[in-house]
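Chains, contacts and geometry: an overview
Here's the letter readout for the chains.
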Amino acid sequence: MSDEPQPQQSGRGRGPREPRRGRTGWRRAVPTWRMTLSALLLGALLLLGVFLLGYTLVQIPPANALATKQANVYLYADGSVIARDGEVNRENVGLGRISEDAQHAVLAAEDRDFYTESAVDPQAMIRAAWNTATGKGKQSGSTITQQYVKNYYLRQEQTVTRKVKEFFIAIKLDREQSKDKILEGYLNTSYFGRNAYGIQAAAHAYYGVDAQDLDAGRAAYLAALVNAPSQYDVVAHPENRPAAESRWNYVLDGMVEKGWLDAAERAGLVFPAPRGNTNSTGMSGQRGYIVQIMKDHLTGNGIVGEEELDAGGYRITTTLQKDKQDAFVDSVNDNLMDRLDPEEREVDTYVRAGGTAVEPRTGKVRAMYNGIDYVKQYTPNATRRDYQVGSIFKPFVFASAVENGSSTQGGRPITPNTVYDGTNKRPVEGWPGGRYAPANEDDRSYGRITVREATDKSVNAVYAQMAVDVGSDKVQQTAIGLGIPSTTPELTPSPSIALGVATASTLDMAEAYATLANHGVHGDPVLIEKITKDGKETVPLPERKTRRAVSREAADTTTAVLRGVVQNGTAAAALAAGRPAAGKTGTAEEDKAAWFAGYTPELVTVVAVMGQNPDTAAQEKLYGAMGMPRVNGGGAPAEIWAQFTRDALEGEPVSDFDLDLQAGAERTAPPTADSSSLPSAAPGDGTSRTPGPDGSASLSPGDGTGENGNSTGGATSDGTNGDTTAGGGTDGGTGQTGGTTGGPTGTTGDTDGDGPGETGGAGGTGEDTGTGDRGGLTGFIPRPRDD
């Protein structure tokens with residue numbers, strides 16, 4: 001065998017397998033199609049897994065605290081807004097209470113394909129991210145569904161975590177809720193500036209209307225605000241008006257593009273400038289007082305719980321009427337506040353006022369005055385119960401007397417013409433609780449005086465005695481029946497109850513006087529007409545119950561007596577109302593408060609002027625206020641009442657009282673004498689005086705009972721039965737009070753108990769003699785009991 005190398009054989013056959021050559025150069029950096037496909041499949045599976053994991057793990061959470069907070073909206077009876085109360089100015093409304101123009105405008109501004117697209121728009125999200133990254137402005141790219149999720153369920157922070165949650169919640173929400181429901185939620189949670197959350201609050205903040213009343217022009221402006229609330233408020237930033245108008249035009253063009261707005265109508269629209277940013281729905285003025293009173297009423301009566309009310313969302317329509325509320329404020333300003341000079345007189349800084357007006361037939365509270373400004377004086381003066389009501393309590397004593405058929409200590413029925421001893425500091429008779437001798441105003445003595453006159457002149461001595469004659473416990477029960485709360489401080493059964501030592505509110509007193517005006521039928525006062533929750537749910541209100549508190553005779557006879565106070569007594573200022581009126585003045589101890597309670601057939605109003613130290617809150621005397629020696633009920637309170645009543649009832653027919661009186665009450669006894677002078681003889685013609693429809697006195701036949709103690713049915717002057725003669729001294733004795741010549745002597749006059757001359761004789765032999773229990777007292781001068 002040769003040692004030379006052998007040549008390779010040619011042919012197709014291959015020897016042992018050789019290793020394949022690898023990819024070289026740039027080809028090694030390019031993945032093969034198998035690698036690409038595998039990566040895509042793996043990526044898809046990974047994305048699907050992540051999506052499924054996220055969809056499974058991310059649940060729809062409860063709404064965030066801010067999104068559920070709403071304002072409570074308080075309204076006048078006509079639906080106009082009084083105030084919005086709450087940390088967040090929002091009032092949720094259903095889609096049906098949002099105009100179609102408003103719905104379409106927001107869709108045109110934020111998401112024109114909302115009803116046809118899915119909950120998320122990845123394309124828009126990518127585009128928005130790209131525009132933001134490339135400096136074309138920060139853009140959202142979120143659908144309305146995503147924005148609603150952010151507003152309602154999540155917070156506003158710009159984080160990846162929040163965006164991921166928003167993505168998955170939006171998808172789930174789109175499967176669980178209708179598009180209408182999502183749009184409704186979005187419109188109620190979006191922020192429009194001016195502290196207005198939701199379309200309803202925004203409509204009021206910018207245009208003073210409800211969302212259902214928004215037209216295309218105004219709706220388009222509100223829709224433009226969602227994009228940049230602060231920048232596009234052309235009142236706060238007039239320099240940005242061109243940008244705001246540009247956005248407004250963009251919204252309107254979108255509405256036309258989608259067929260939601262006619263092109264011709266759009267062409268005629270002009271930019272609707274919003275109103276100034278007012279505080280009309282804040283707590284200043286009377287608004288804060290009203291809100292506080294209504295909240296106390298709702299929670300105190302179990303209509304709405306305190307926690308539920310704090311959560312908001314209630315639309316509360318009150319019984320208050322705006323025109324009457326405004327008239328009350330004007331009247332207080334004209335007759336009281338404008339007459340004060342705090343810089344000149346310190347006492348003028350003490351002056352406060354409160355008042356309540358109620359319809360007697362319905363019990364609806366139509367107006368309330370509480371103070372000059374809630375943000376300056378927080379206590380609602382209409383409902384406070386810390387000032388004595390004074391003599392405006394006296395009518396309850398008389399009403400109780402008639403209701404209970406009460407008699408004097410001498411057994412005489414108590415009527416408007418019953419005679420009492422009005423001597424200053426006269427101790428009451430028949431009271432077992434110790435000596436009680438109240439002073440009259442200015443320590444004046446009135447001597448023999450009828451109940452009617454004693455009411456006109458507000459004689460304390462008479463009413464303290466009457467309270468004992470009736471029974472102070474019965475007086476207390478009558479007052480409670482009329483409407484004074486049983487828990488009222490100092491409403492205790494004692495002679496002092498007649499003088500108004502109880503501390504009730506103007507609302508309490510208006511309720512009680514409304515019972516008198518309503519012929520003795522009591523009904524609880526009504527402050528709320530209607531309540532809704534979240535724009536849909538109606539909150540039930542308690543049924544108003546009525547009951548007879550006192551007989552019609554008792555109530556109407558009291559009204560007749562109180563008409564005299566206006567016509568002839570301390571409330572003459574009330575005549576300026578220009579209507580038939582009844583009322584009573586009152587002054588608290590040491591002149592710390594002055595009151596007037598008055599009514600026409602249509603309206604009952606109670607006004608109080610009170611003294612309170614602005615620094616210590618202590619009650620203060622009002623001597624010297626307004627530059628006057630004193631403030632009493634016949635002054636500013638009655639003047640406020642008169643102007644308010646005139647203005648509040650302007651345009652309403654004038655009606656007179658329809659009264660059913662106690663027997664004999666329609667007659668008015670002739671005037672009796674002041675203790676400082678001798679009375680003249682009473683007419684001997686058997687007549688007595690009765691107030692006519694206008695309050696003037698007219699003559700009507702008498703019955704000979706001599707109600708005023710002057711033997712009106714007694715002897716004549718023709719000498720047939722003898723001339724009436726004046727009696728002698730005051731120390732009793734036969735014929736002491738004077739009989740008539742030619743007849744039997746009168747019985748002994750009695751200065752004790754309910755008045756002198758309790759058993760004075762009728763005297764004379766005339767055909768029409770007096771009854772004896774009230775006659776024979778001509779010329780009697782009573783002696784003060786404490787001498």
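Residues numbered from 1 in each chain as written. Predicted model: local features only at pLDDT ≥ 70, side-chain atom pairs only at ≥ 80, totals over all residues. Heavy atoms only, no water.

Attention now moves to the sheet that holds strand β7 (residues 365-369). If you walk across this open sheet you meet the 5 strands as β7-β6-β16-β15-β14, and the pairing is antiparallel. With one partner strand each, in any of the chains shown, β7 and β14 (582-587) form the two edges of the open sheet. When the angles between neighbouring strand axes are averaged without regard to direction, this sheet yields 5°. Looking at chain direction, β14 and strand β15 (residues 593-599) are connected through 6 bridges and run antiparallel. Paired with Ala582 across the two strands is Tyr599, which belongs to β15. Across the face of the sheet, helix α14 (residues 322-335) comes into contact with β6 (351-358), β7 and β16 (604-611) while running at roughly 30° to β7. (Pairing = 2+ DSSP bridges. Helix = DSSP H or I, 4+ residues; strand = E, 2+ residues; numbered from the N terminus. Axes fitted to C-alpha atoms, helices over the stretch in contact; angles between N-to-C directions. Contact = heavy atoms within 4.5 Å.)

Here the idea is simple: oppositely charged side chains can pair when their charged atoms come close. Taken as a whole, this structure holds 33 salt bridges when the rule is applied. As a salt-bridge pair, Arg630 and Asp442 come within 3.0 Å of each other at their nearest N and O atoms. Of the two residues, Arg630 sits in the loop between β16 and α21 (636-648) while Asp442 sits in the loop between β8 (419-421) and β9 (448-450), which places them 188 residues apart along the sequence. Residue Arg630 is classed as partly exposed on the basis of its relative accessible area of 22%. Take Asp442: its relative accessible area is 62%, and that puts it in the exposed class. Taken together, the shared-partner salt bridges connect Arg84, Glu91, Arg97, Asp210 and Arg315 into one network. (Salt bridge = Lys/Arg side-chain N within 4 Å of Asp/Glu carboxyl O. Buried < 20%, exposed > 50% of the residue type's maximum accessible area, 1.4 Å probe, protein only.)

Here the focus is the packing of aromatic side chains. Ring pairs (aromatic) are described by centroid distance and by the angle formed between their planes. In the structure shown here, the tally under the stated rule is 15 aromatic pairs. Each ring, one from Tyr221 and one from Phe271, has its centre 5.4 Å from the other, and the planes form 90°; the classification is edge-to-face. In this pair, Tyr221 sits in helix α9 (residues 216-225) while Phe271 sits in the loop between α11 (263-267) and α12 (287-300), placing the two residues 50 residues apart along the sequence. Between the aromatic rings of Tyr599 and Phe657, the centroid separation amounts to 5.9 Å while the plane-to-plane angle is 85°, which identifies the pairing as edge-to-face. Residue Tyr599 is located in strand β15, and its partner Phe657 is located in the loop between α21 and β17 (687-691); the two are separated by 58 residues in the primary sequence. (Phe/Tyr/Trp six-rings, centres within 6.5 Å; stacked < 30°, edge-to-face > 60°.)

With that settled, consider empty space enclosed by the protein. By the definition in use, this model includes 3 cavities of 30 Å³ or more. In this structure, the second largest cavity spans a volume of roughly 60 Å³. Lining the second largest cavity are 14 residues, and of these Gly363, Glu511, Ala514, Gly523 and Arg544 lie nearest its centre. Breaking the lining of the second largest cavity down by element, the ones donating at least two residues are α19 (506-517) and β10 (521-523). Residues that form the lining of the second largest cavity fall into these classes: 5 nonpolar, 5 polar and 4 charged. (1 Å grid on protein atoms, 1.4 Å probe; cavity = no way out; pocket = protein on both sides within 12 Å on 5 of 7 lines; lining within 4 Å. Points joined across faces, edges and corners; volume = space filled by probe spheres on them. Nonpolar A, V, L, I, M, F, W, Y, C, P; charged D, E, K, R; others polar.)

Next up on the list: the sheet that holds strand β1 (residues 72-75). Here we have 5 strands laid out as an open sheet, ordered β2-β1-β5-β11-β12, and mixed in their pairing. Across the chains shown, the open sheet's two edge strands, defined by having one partner strand only, are β2 (81-85) and β12 (537-538). The pairing of strand β5 (residues 314-318) with strand β11 (residues 528-533) spans 5 bridges and is antiparallel. The residue bridging Arg315 from the neighbouring strand is Thr532, located in β11. Most of the contacts of α12 go to β2, to which it runs at about 70°, and overall it touches β1, β2, β5 and β11.

What the second largest pocket holds in volume is close to 690 Å³. Elements with a contribution of two residues or more to the lining of the second largest pocket: α12, α19 and β11. Looking at the lining of the second largest pocket, the element that brings in the most residues is α12, giving 4 residues. Across the lining of the second largest pocket, the residue classes tally to 10 nonpolar, 6 polar and 10 charged.

Here we come to the pairing of β5. Counted residue by residue, β5 has 5 buried out of 5 residues, so it is predominantly covered. Covered by surrounding structure in β5 are Tyr314, Ile316 and Thr318 together with Arg315 and Thr317, the residues of both alternating faces. Direction of pairing for β1 relative to β5: parallel, over a ladder of 3 bridges. Across the sheet, Leu75 pairs through a bridge with Thr317, a residue of β5.

Turning to α21, a few remarks are in order. The periodicity of an α-helix, 3.6 residues per turn, causes residues three or four positions apart to be oriented the same way. Look at α21: 18 Å from first C-alpha to last across 13 residues, which is about the 18 Å you get at 1.5 Å a residue. Here α21 lies mainly inside the structure; 10 of its 13 residues are buried. All buried positions along α21 are accounted for by Ala636, Pro637, Ala638, Ile640, Trp641, Ala642, Gln643, Phe644, Thr645 and Ala648. Turning to α21, the residues buried within the fold contact α14, β6, β7, β15 and β16. (Expected span 1.5 Å × (residues − 1).)

This brings us to the pairing of β6. For β6, the tally of buried residues reaches 8 of 8 residues, placing the bulk of the element in the interior. With burial as the criterion, each face of β6 is covered, one bearing Val351, Ala353, Gly355 and Ala357 and the other bearing Arg352, Gly354, Thr356 and Val358. Sheet topology note: the β6/β16 ladder contains 8 bridges and is antiparallel. The partner of Ala357 across the bridge, within β16, is Thr605. When β6 meets β7, the two strands line up antiparallel, connected through 4 bridges.

On the secondary structure map, Asp210 appears in the loop between α8 (199-207) and α9. Here the side chain of Asp210 touches Gln200 through a polar contact of 2.9 Å, side chain to side chain. (Polar contact = N/O pair within 3.5 Å; in protein donor to acceptor, adjacent residues only side chain to side chain.)

Inspection of the secondary structure assignment puts Ser406 in the loop between α15 (394-403) and β8. For Ser406, a relative accessible area of 7% translates into the label buried. In this view, Ser406 contacts Ser400, Ala401, Arg412, Pro413, Ile414, Asp469 and Val470; residues no more than four positions away in its chain are not counted.

Take α9 next. Burial of α9 is extensive: 9 of the 10 residues sit out of reach of the surface. Those residues of α9 not exposed but buried are Ala216, Gly217, Ala219, Ala220, Tyr221, Leu222, Ala223, Ala224 and Leu225.

In short, the description is geometric, and any link to function would need to be established separately.
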